[in-house]
Structures are given as structure tokens and as C-alpha cells.
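This is what each chain is made of:
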Amino acid sequence: MTSTSSLTVALVGAGPTALGVLERLLAHADGRRLDVHLVDPFPPGAGRVWRTDQSDLLWANSLVRDVTVLPDDSVTVPERVVTSATVWEWAEQVGVGLPGPVGELARRLTSDTFPPRTLVSAYLSWVLDSLAAVPGLALHRHATRVVDLVEHPHGVELRLEDGGTLRADTVVLAQGHLDRTATDEETALGAAAAAAGLTHVPTAYTADLDLSVLQPGEDVLVRGAGLAFVDLVTLLTGGRGGVHERDADGRLVYRPSGAEPVLHVGSRRGTPYKAKLGYPWAGPPVPLRFFTPDALTARFGDRQLDLRADLGPVIARELGWAHHTELFRAHPERVAMPWAEFAEAYAATDDLTELVAAAVPDPADRFDLARLDRPLAGARFSSDEELQEWVRGYVRADLARAADPAHSADQAVFTALLFCHGTIAGLVRAGRLTPRSEREDVSGWWMNLFSHLASGPPSPRLEELLALSEAGLVRFTGADTVVGLEDGRWVARSSSTDTVTTATALVEARVPAVDVGRTTDPLLRALLARGVAAEQAGSGRLHVDAGFRLVSAQGVPSTRVSAVGFWTSGAQVAAFARPGTNAPFFHQNDALAAALWSAAVPVTTVRAA
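Source: prediction; values computed, not measured.

J.: Explain the overall build of the chain to me, using residue names and the numbers behind them.
T.: Summing up its helical and strand segments, the chain has 18 helices and 21 strands in all. The C-alpha atoms of the chain give 25 Å as radius of gyration, which agrees with the globular expectation for 609 residues (25 Å, within 12%). Overall, the chain is about 90 × 65 × 50 Å in size when its C-alpha atoms are taken along their principal axes. Across the 609 residues in the chain, those meeting the buried criterion constitute 55%.

The following block contains the structure:
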């Protein structure tokens, strides 16, 4: 007899991405039996990044009320298998009653808290347990790695690092962060540093770095000023016994322990990412007008699009539309033109400069994407101290604005960025971007801009950074910083000042660039070696088709193996969602889950004679 009443899925990787896929598989089960094997050496639910064995000093960069992996009422996908909950809702209802450190952390939370990653880990474990309790699911957890797999006509056989094997109808690769071997350039740089007696800490996930090689008082160059840099600073200051305190005026000051190095940070932009906004905003969010699929088709036809050249100006117009819509709605006393007149002209005018200047008297209320993206562009300082004071002033102003609801237009832009990201994810799935743009611009220009504006550090971390700068333990080298080796020292120069900074150590404060050709993941190495999988040409990412199916070196999509994550050639979709935004995370997982169920091959059972 034949039956399609069950499906067996192996999820390789057990972090938030796998949870999202599992939730959608259950939503599409429709009463059918689902067997799922979760394979990951790290804790199931949390995975590697959110595991519990890391410092409580390392935080998520979103407020507890702004983080979820479960679809809410805004999400237009079918069915709900468990009740939606943000980290904050879980903490209020479940976390506060837990024993030990997790319960203590949960009881100290407010809705405006940035949670330690260990608390998010507990939330993810709870989500997994909630999904595991759904009727019809048999969940099997394997604390090991998959080292190889072979597709057969009737399924997939997976070989495990612990010597075991698994059989499944279909496999989803969801490993998350992938370690890789050093590039030739990185190897040469490390060898040159070692020959000169200098320290070089290469790119890696910050929580995994050995920072003991950085000595107290040592001058250390840091290349990168994003979230990895913020984690690095936290571990090298508070993690070494330093304390942040308020003085009599309420200003945050840093009391060093004496064990800290001196960090000289430089990057292309030259400033830290903008602080996460720290006040509640009821909205309403501004719907996309210019950057919708229909609007783009009306403007460009059905040709392939270049994300930066074609769509960059449209994104800038869309973000400006969101900004000014909220400004006119919430702060009408700060505009000098009726909304209807402004809106009509905004949609019809190519050069918005004169329109915005006439409608918005205060330059601080205008939207200028170029200025936001490159705050130091064109700036030149006569001394290093002048540069330091400028950056401190920039951070102070950013912190003040991020805490002030009078600038709620920033919240509208933030939400519009999320919506734009969803449109880009859809364009990638539909094959609308040029191959070059899909390879380079999505993970390059766009994600850098998005991260700077919408995925920066918690405001308290930037306030601490300001205090560390005032204490002389963090110094900024400026925009377009270039680092090299000269006369047995690390040397940094920038376009912002003539100052030359020297150091005895260099830390690459960046997550390693995706390069599956250099991955240390044993499963991917085996699949790539046999041509079962392939890199998308020139991107460093694992090649998947629009349906997330693994594509072989011969260009043939797999019938039973799929892959999702930022390390694949699919859309760069975050593994968490912001409530109320109908996030791309859920739509990606829903499309994949529906495809897996619809492709399920009937299982033939032969009765014994």
C-alpha cells in the first residue's frame, strides 16, 4: 500500500533558523506524522551563537520586546502551531519562574532591556520544547555533526561524526555560522606578524577568540567598528574587571582595572554603528510605496536589476518617504507645508532637495541617507584629539536621538528598512537581481548599510564606549582606515587626519566572510569535493536555487537536500524577527516547508508474505 501520511526530515544545525523551519513544517503537517532529527553539537534551540556557555556580558542587540522566532498576527502565513511569544513575553510568563541564573536574569528584565545571549538561549530552548510537544511530531536530538550524506531514490542516508547513521526523506542544511580556513592573504599577514614578533588575531566569532594574547596597556589596532567590535570591547574591559559607574552628574564613567589594553579602532566608515532605538513606538508603520514588487515592475519592467545602481536610489526615496510621513503625522509643528501638497510633490519630483528644504525648516529633521551612511565623509581634522572629540560628539548626539521620541521618524525609517529587506529577499527568490548584484551587493553594500542603520549595538554599550573613549582606552583612527606592517609595527592611517597610529597587536573585529570553499564544516567539504554541492560563482556562498534546493557542480538541483541561511546564495534573511513586521524569516521558512511536504515521495510498504 502507499501513503504520504508522514515525512522524516533531518535538520543539520539546531539554532534559530532550524527552529523556524521546524515550526513551519508543523504548520503544514495537516495531521500527518512528522519525524525530525535535529543534528548539532551545540545546544538544540540555541545552537552555537546563542549557547549558554558564554559570558553574560554578551548581549543581543535588540530589546526583549523586539525579538521573536514565532509568527504573530502580522505574519501572512497559514496556521499557528504554538502561541506567539517575544523574549519579553516568555520572560514574564515563564522565565521569571525558572530556578538559577536564568530566572534571576528574567526577574531583572524590563521590556526595555537588551537581554544577555544566555537568556535568549533559554527562550530558544523553551520554543523548541513547545514545538516538541505538538501532537504528531517525533523529535530526535543528536549532539554530534553530520560528516557526509548520500541521496538514494527513496531517501537520504546521513553519516554522523559519532559513528552513527540516520535515514531521512529530506535534509535541510541550517548550520549558521561556518568556520573557515584562513585565506592566502590572512595566512601571509599572520606569518609576517609572527616574524616581526607581533600579535595578529584573525577574524572569528568574538566569543570564541583567545583574548589572553592581548596584554594590559598594550596598544592594539582593531579593524572593524561593528557589533563584533562592541563585543570585543566589552570582553576586554568589563570582562577584565573594569567597572562603569555614574558620577554625581549622572554621567557614565569607566573605572579601569589596569588589565585592559588600549584599543585603536578604525573602519571604512570610521564611526560605530548607530545605536538601537530605545523607546516604544506605536506607529503605525509606513507601508512601502516605491519599493514594492509591483512598483519596481512598473518602473523597470521585467529586466534584471542592479541592487545598488538601479534600486539604491529607490530605497533612498522609500526611506525618505517613511521618515517624512512620520514627521508630518507626529510632529506637524515642525513642518511648513500641508501633507497632501508635500506627498504629491515628493512622488513626482526627481530632485527632492528644494522640496524638503521648503517643507522641513530644521536640517536635523530632514532625511539624508548619504550623511547617515558616511558621517565622516569629507571631514579632515588638524589633530588626533580633534578627531576623538568629534567622534565623541557624534556618539553623544546619536545616543540622545536614539532615546528621544521627538525623533520618531527614525523608528519609521527603521521599520521601512525591515520592509525593504523583505522586498530584496523576494527579488532574490524571484531571480530579479543581476548575478553580480546578487553575489556582491546583497551581502556587501546592502547588509553593511542595513546593519549600520538598523542593527547597531544597544544604547548602553555605546554609552560605555563613550566612557571608554573619555578614559583613553578606546581611540578612533578615522574613516577609510588602512592597516599595514611597517618597521616591525602595525601601522594605521586614515583619510580623517594625518595621525599615524602604531601598535603591537591587530585584531580583525569582523565575522569571517562567507567562503564555503574554505569551510571546515565536514559535511559541506564532503559534498563540495564530490560535486554534489557547489559555490555560487564568485560569491563564496553555497549555491541554492529559488526553492532553496542544493545545486550541484553540474547545475542540477537536488530533490532531497535544501539549505537556508546567510551563507547560502539565497536571500540574506535574519534568523530572528521583529514582532508586527510580517518578517521575511517566516515567509522563507513557510515556502521551504510547503515545498518539502509537497515533494514528499509516497512510501511503499510491502506486506510480509
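J.: Talk me through the confidence of the model for the chain; I want residue IDs and the actual numbers.
T.: Per-chain confidence: the chain averages 93 in pLDDT, with 98% of residues scoring 70 or above. Segment residues 602–609 is flagged for pLDDT under 50; beyond a separation of four residues in sequence, or across chains, it makes 9 contacts in the model.

J.: Before we move on, can you summarise the nonpolar core with the specific residues and values?
T.: Within the largest apolar cluster, 148 residues are counted, with the highest numbers of intra-cluster contacts made by Leu-22, Leu-34, Phe-229 and Trp-446. Residue contributions to this core peak at 11 residues, all from helix H13 (residues 409–429). The residues contacting Leu-34, other than those within four sequence positions of it, are Leu-7, Val-9, Leu-22, Leu-25, Leu-26, Gly-136, Leu-137, Ala-138 and Trp-597. If you look at the next biggest cluster of nonpolar residues, it comprises 24 residues, including Val-516, Ala-533, Val-544 and Val-561.

J.: Outline the pairing of strand E14 (residues 474–478), supporting the account with residue identities and numerical values.
T.: It is a general feature of regular strands that their side chains alternate between the two faces of the sheet. The buried fraction of E14 amounts to 5 of the 5 residues, a majority that puts the element mostly inside the structure. Relative to E14, strand E13 (residues 262–266) runs parallel, the two being bridged by 4 bridges. Note on E14: the bridge partner recorded for His-264 is Arg-475.

J.: Talk me through the environment of Ala-29; I want residue IDs and the actual numbers.
T.: Note that Ala-29 resides in the loop between helix H1 (16–27) and strand E3 (33–39). Looking at Ala-29, the relative accessible area reads 6%, which means it is buried. Along the backbone, Ala-29 and Val-172 are 143 residues apart, and their C-alpha atoms lie at a distance of 16 Å.

The rules behind the values
Residues numbered from 1 in each chain as written. Predicted model: local features only at pLDDT ≥ 70, side-chain atom pairs only at ≥ 80, totals over all residues. Heavy atoms only, no water. Helix = DSSP H or I, 4+ residues; strand = E, 2+ residues; numbered from the N terminus. Rg over C-alpha atoms; globule rule 2.2 N^0.38 Å. Buried < 20%, exposed > 50% of the residue type's maximum accessible area, 1.4 Å probe, protein only. pLDDT = per-residue confidence, 0-100. Contact = heavy atoms within 4.5 Å. Core = buried A, V, L, I, M, F, W, Y, C linked by side-chain atoms within 4.5 Å. Pairing = 2+ DSSP bridges.

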